[in-house]
Amino acid sequence: MDISYPAEVESFRAEVRAVLAEELPPGWPGIGAIAVREEAERFAARWRRVLYRRGLLGITWPPEYGGRGLSRLHQVVLVEELARAGVPLGEHTDLFGLKMLGSTLLRWGTAEQRRWFLPRILSGTDRWCQGFSEPDAGSDLAALATRAVLDGSQWVIDGQKIWTSVAHRANWIFLLARTDPRRRGHAGLSFLLCPLDQPGIEIRPIRQLTGEIDFNEVFFAGARTAAINVVGPPGEGWPVAMTLLGHERGEEAATNPILFRAELDRLLTLAAERGRDRDPLIRQRLAWCYARVEIMRYLGYRILTQLGSGTDLGPAASAAKLYWSEYHVAATELALDIQGLDGLVPQGRGPLRAVRTDDPGAPNSSGSWLGAFCNARAGTIYAGTSEVQRNILAERVLGLPREQRHG
Ligand SMILES: Cc1cc2nc3c(=O)[nH]c(=O)nc-3n(C[C@H](O)[C@H](O)[C@H](O)COP(=O)(O)OP(=O)(O)OC[C@H]3O[C@@H](n4cnc5c(N)ncnc54)[C@H](O)[C@@H]3O)c2cc1C
């Protein structure tokens, strides 16, 4: 199938290419080629400021909030060009601010919340993290125990969150808390926005086996946020959280395949470098990867055509998330099999964006593939595990009987 884009989308592509030509040094090999992690992070931060200055962040958002009101197809073309140039699409906190909260505020936020928060997300003034999971509430999110009570013009929050990615780099957190203790399960939860820099909040980083820190525990002891910082009606935060999870799972359905394709090209080079591209079993697995990425691409286009800005993605988001995360486990396993014993000795830095596909322009180092291999497993857990996605598809798409709930 030959897919061509409308003329106005292609002229946007020309604009993006012109920006890249002006902003990147000649012969730029891609951020993966920056060997030292801290230097790569500094580049990513500088590059984000370039994207903001050139009007290339939040392009699908309405102009009154700092966006450009462009289509999702424009976003696909933007990602195609940024991936081709080997530059990041933003920073890690952008996953939470731009991708998740921004889209959720467009659907559920008050005019005042949108006017205040959306431009600050784009400019990078506010950097967000996500406070959903708790020690006893992961897949069963509605079992959460964090409480909030209204005290005059403020919510007072007590409880604990865990696995809070990038909380140590953020200055705001969106969280789910029980605001009506008389109601159980999904009912009585509120979706709150809360500043992190205050005495009632302690952030404790969790150091991983790799020595790196990606997530944290966040403790609330009498933390405060303004009463107006509730998204959706108080006690009715569940549908707001579901909109957000839809964006977390499915927002990148059309753009992920572009990054996975870039990674697959590197995998093909790796197989050729190691002389493994003549091995029939490796060839079969490479062809399998290619077919999967192509299917992912068409699945992404289908989701694009079903979407308007601010619309809920529904179960399609679960299908997309299940598909890409399980693909990535298989693709990175193949990379390690191609490398053989070398794959077990990490050399070179791991991917910058820990939980996704590897950095463009990275050499085929064992470190980068081992990092991607380990992180691919995380992809099948965060934003709801594969088992949870299968339950959603079984119940909401196939109409199978609801699974038995305990407790
Ligand atoms: C890299 C990474 C980043 C993360 N970042 C964040 C973040 O920023 N903010 C945040 O709030 N959370 C974050 N999380 C947490 C993530 O959302 C939870 O880990 C996830 O929801 C699973 O919850 P759990 O770890 O408590 O596992 P559990 O819910 O205890 O699940 C344990 C196992 O039981 C299975 N299981 C559970 N219930 C069912 C069921 N009904 N049917 C079948 N199987 C079931 C699960 O699939 C899993 O295999 C992150 C996790 C990872 C890995």
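This text goes with the structure placed above it.
Residues numbered from 1 in each chain as written. Predicted model: local features only at pLDDT ≥ 70, side-chain atom pairs only at ≥ 80, totals over all residues. Heavy atoms only, no water.

K.L.:
Tell me about the site of the ligand, and name the residues and values.
P.N.:
Of all residues adjacent to the ligand, which total 18 residues, the nearest are Ser133, Ser139, Trp163, Thr385 and Glu387. A distance of 3.0 Å separates a nitrogen atom of the ligand from a polar atom in the backbone of Trp163. Among the elements of the structure, strand S3 (154-165) and helix H11 (386-397) are those that each provide at least two residues to the shell around the ligand. Looking at the shell around the ligand, the element that brings in the most residues is S3, giving three residues. For the shell around the ligand, a count of residues per class yields eight nonpolar, eight polar and two charged. (Near = heavy atom within 4 Å. Polar contact = N/O pair within 3.5 Å; in protein donor to acceptor, adjacent residues only side chain to side chain. Helix = DSSP H or I, 4+ residues; strand = E, 2+ residues; numbered from the N terminus. Nonpolar A, V, L, I, M, F, W, Y, C, P; charged D, E, K, R; others polar.)

K.L.:
So what about the side chain of Asn229? Which residues, and what values?
P.N.:
Within the secondary structure layout, Asn229 lies in the loop between strand S7 (213-226) and strand S8 (230-231). Side-chain polar atoms of Asn229 contact the side chain of Thr225, separated by 3.0 Å. Not counting residues within four places of it along the chain, the set of residues in contact with Asn229 comprises Gln113, Phe117, Trp172, Phe191, Leu192 and Leu193. (Contact = heavy atoms within 4.5 Å.)

K.L.:
Explain the pairing of strand S2 (residues 147-151) to me, and be specific about the residues and the numbers.
P.N.:
Consecutive side chains of a regular strand alternate in pointing toward one face of the sheet and then the other. Direction of pairing for S2 relative to S3: antiparallel, over a ladder of five bridges. Bridge assignment links Ala148 to a residue of S3, and that residue is Ile157. Connecting S2 to the next strand, S3, in antiparallel fashion are two residues, including Gly152 with a positive phi near 65 degrees. (Pairing = 2+ DSSP bridges.)

K.L.:
Please set out the packing of aromatic side chains residue by residue, giving values where relevant.
P.N.:
Two measures describe an aromatic ring pair: the distance that separates the ring centres and the angle between the ring planes. Under the definition given, this model contains 15 aromatic pairs. Relative to Trp172, the ring of Phe117 has its centre 5.2 Å away and its plane inclined at 80 degrees; by these criteria the two rings are edge-to-face. Residue Phe117 is found in helix H5 (residues 111-123), and its partner Trp172 is found in strand S4 (residues 172-178); the two are separated by 55 residues along the sequence. The pair Phe117 / Trp172 is uniform in exposure class, with both members buried. Ring geometry for Phe260 and Tyr327: centres 5.5 Å apart, planes at 70 degrees, overall edge-to-face. With Phe260 in helix H7 (residues 256-273) and Tyr327 in helix H9 (residues 316-339), the pair connects residues that are 67 residues apart, well separated along the chain. Comparing Phe260 with Tyr327 shows no difference in burial state: the two are buried. Here the aromatic residues Phe117, Trp128, Phe132, Trp172, Phe174 and Phe191 are joined through ring pairs into a cluster of three or more. Directly above the aromatic system of Tyr382 lies the positively charged group of Lys321, at a separation of 5.5 Å from the ring centroid. (Phe/Tyr/Trp six-rings, centres within 6.5 Å; stacked < 30°, edge-to-face > 60°. Buried < 20%, exposed > 50% of the residue type's maximum accessible area, 1.4 Å probe, protein only. Lys NZ or Arg CZ within 6 Å of the ring centre and 35° of its normal.)

K.L.:
With reference to specific residues and values, describe helix H4 (residues 94-108).
P.N.:
Its axis deflected by about 35 degrees at Leu101, H4 carries its strongest bend there. Among the 15 residues in H4, 13 count as buried, and that is most of the element. (Bend = angle between axes of the 7 residues up to and from the residue.)

K.L.:
Summarise the packing of H7 against H9; cite the residues concerned and give the values.
P.N.:
Their axes nearest at 10 Å, the elements H7 and H9 cross at an angle of 15 degrees. One finds that H7 runs roughly parallel with respect to H9. Pair H7 / H9 crosses with left-handed handedness. For the pair H7 and H9, contact is made by Asn256, Phe260, Glu263, Leu264, Leu267, Leu270 and Ala271 and by Trp324, Tyr327, His328, Ala331, Leu334, Ala335, Ile338 and Gln339, respectively. Residues that form the contact of H7 with H9 fall into these classes: 11 nonpolar, three polar and one charged. (Axes fitted to C-alpha atoms, helices over the stretch in contact; angles between N-to-C directions. Parallel < 35°, antiparallel > 145°, perpendicular 65-115°, else oblique. Left-handed = near helix turned anticlockwise from the far one by under 90°.)

K.L.:
Account for the pattern of salt bridges, naming residues and giving values.
P.N.:
A complete count under the given rule lists 28 salt bridges for this structure. A salt bridge links Glu41 to Arg37; its shortest N-O distance comes to 3.4 Å. Separated by four residues within a single helix, Glu41 and Arg37 lie in helix H2 (residues 37-53), roughly one turn from each other. For Glu41, a relative accessible area of 24% translates into the label partly exposed. We classify Arg37 as buried; its relative accessible area is 16%. With its nearest N and O atoms 3.3 Å apart, the salt bridge here joins Glu236 to Arg183. A residue pair is termed long-range when its members are at least 10 positions apart, and Glu236 in the loop between S8 and helix H6 (238-250) and Arg183 in the loop between S4 and strand S5 (189-195) qualify at 53 residues. For Glu236, a relative accessible area of 35% puts it in the partly exposed group. Judged by its relative accessible area of 31%, Arg183 falls in the partly exposed class. (Salt bridge = Lys/Arg side-chain N within 4 Å of Asp/Glu carboxyl O.)

K.L.:
Give a description of the environment of Leu122 that names residues and reports values.
P.N.:
Relative to the assigned elements, Leu122 resides in helix H5. Not counting chain neighbours up to four residues away, the residues in contact with Leu122 comprise Arg48, Tyr52, Leu57, Gly58, Trp61, Tyr65, Gly66, Gly67 and Leu98.

K.L.:
Describe unusual backbone geometry, and please don't skip the residues or the numbers.
P.N.:
Of note in this structure, Trp163 is not a glycine but carries a positive phi near 60 degrees. On the secondary structure map, Trp163 appears in strand S3. For Trp163, a relative accessible area of 48% translates into the label partly exposed. Unlike most non-glycine residues, Ala383 shows phi in positive territory, near 60 degrees. Along the chain, the position of Ala383 falls in the loop between helix H10 (366-379) and H11. Taking the relative accessible area as the measure of exposure, Ala383 reaches 10% and is therefore buried.

K.L.:
Describe the state of the cysteines, naming the residues involved and giving the relevant values.
P.N.:
A full pass over the atoms with the stated rule returns zero disulfides. Unpaired in this structure, Cys194 has its nearest cysteine sulfur neighbour in Cys129, at a distance of 9.6 Å. Free of any disulfide, Cys289 has its nearest neighbouring cysteine sulfur in Cys374, separated by 18 Å. (Disulfide = S-S within 2.5 Å.)

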